[in-house]
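Take a look at the letters that make up each chain.
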Amino acid sequence: MAIDLLNHKLDRAFDHIDAAGREVVDREDLLGLGARILVGFGESPTSLAGSGLIGGFGAIWASLSDSLGRDGDCRLTREEFRTAMTKAFVTGDAYEPVFRPAVAAAAEICDGDGDGLVGVREFRTLLSAYGTAYDDVDAAFDRLDRTGRGVLTVAELVAAARQYYTGADPDAAGNWLFGPL
């Protein structure tokens, strides 16, 4: 069951990247997700925050392709994406040095005023870039806002992403990062 849960979440992650529905993703598709995030927040890709996000997403792609012994110009099928994510970030040691900084960059872009907090409006903008259905955003936010404060901290978002992308615990709040599974 744990493997089925993780594969389901990784399939959804593949779909976030495969916005065109081609059933294959490449580096440009992942950078396109980064661009959608930046556009949603009105952030320039050349700003410090924008270049951090785009650079982080580029590093994720490099780790994915490296984990399969391919160059960065490769394309990945859904199954190859699952395998690469697992090798690089779940069982491999690239999560902290590669994936986490990219997630932190995305979470920090959501925190436009730098107070360390992300409200539901900013969260909705972020999830819109991932293609999350509007109705699922509030459910996701409510599950992640375990204290009921009406805000998430940047640290909570980063922790939820780790649970989502690498975790096999069916009860983890991070499973709700993009709405109900």
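Refer to the structure presented above.
Cut-off values and rules
Residue numbers restart at each chain and count upward from 1, following the sequence in its written direction. Note on the predicted model: pLDDT of at least 70 is required for a residue's local features to be given, and 80 or more for side-chain atom pairs to be given and counted; whole-chain, interface and lining totals, by contrast, use all residues. Here the side-chain values reflect all heavy atoms present in the structure, with hydrogen atoms and water set aside. A run of H or I in DSSP counts as a helix once it spans at least four residues, and a run of E counts as a strand once it spans at least two, with each numbered from the N terminus. Whenever Lys or Arg places a side-chain nitrogen within 4 Å of a carboxyl oxygen from Asp or Glu, that contact is recorded as a salt bridge. To define axes, lines are fitted to C-alpha atoms, for helices over the stretch in contact only, and angles between the resulting N-to-C directions are given on a 0 to 180 degree scale. Orientation labels follow simple angle bins: below 35 degrees gives roughly parallel, above 145 gives roughly antiparallel, 65 to 115 gives roughly perpendicular, and whatever is left gives oblique. By convention the crossing between two helices is left-handed if the near helix lies anticlockwise of the far one by an angle smaller than a right angle, and right-handed if it lies clockwise. Whether two residues are in contact is decided by their heavy atoms, any of which lying within 4.5 Å being enough. Charged residues are taken to be Asp, Glu, Lys and Arg, nonpolar residues to be Ala, Val, Leu, Ile, Met, Phe, Trp, Tyr, Cys and Pro, and polar residues to be all remaining types, Gly included.

S.K.: I'd like a description of unusual backbone geometry, backed by residues and values.
M.R.: Unusually for a residue other than glycine, Glu23 sits at a positive phi of about 65°. Within the secondary structure, Glu23 is located in the loop between α1 (2–17) and β1 (24–26).

S.K.: Before we move on, could you go through the pattern of salt bridges and cite the residues and values that matter?
M.R.: Inspection of every chain in the model, using the stated rule, returns eleven salt bridges. A salt bridge links Asp11 to Arg82; the nearest nitrogen and oxygen atoms lie 2.8 Å apart. Highlighted residues: Asp11 in helix α1 and Arg82 in helix α4 (residues 78–90), separated in sequence by 71 residues. Between Asp29 and Arg22 there is a salt bridge, with the nearest N and O atoms lying 2.4 Å from each other. Overlapping salt bridges bring together Asp11, Glu79 and Arg82 as one network.

S.K.: Any chance you could break down the packing of α1 against α4 for me, citing the residues and the numbers?
M.R.: Where α1 meets α4, the axes come as close as 10 Å, and the angle between the chain directions of the two elements is 110°. Here α1 is positioned roughly perpendicular relative to α4, judged by the angle of their axes. In this structure, the crossing between α1 and α4 has a hand that is right-handed. Seen from α1, the contacting residues are Leu6, Asn7, Leu10, Asp11, Ala13, Phe14, Asp15 and Ile17; seen from α4, they are Arg78, Phe81, Arg82, Met85, Thr86 and Val90. Its residues assigned to classes, the contact of α1 with α4 shows eight nonpolar, two polar and four charged.

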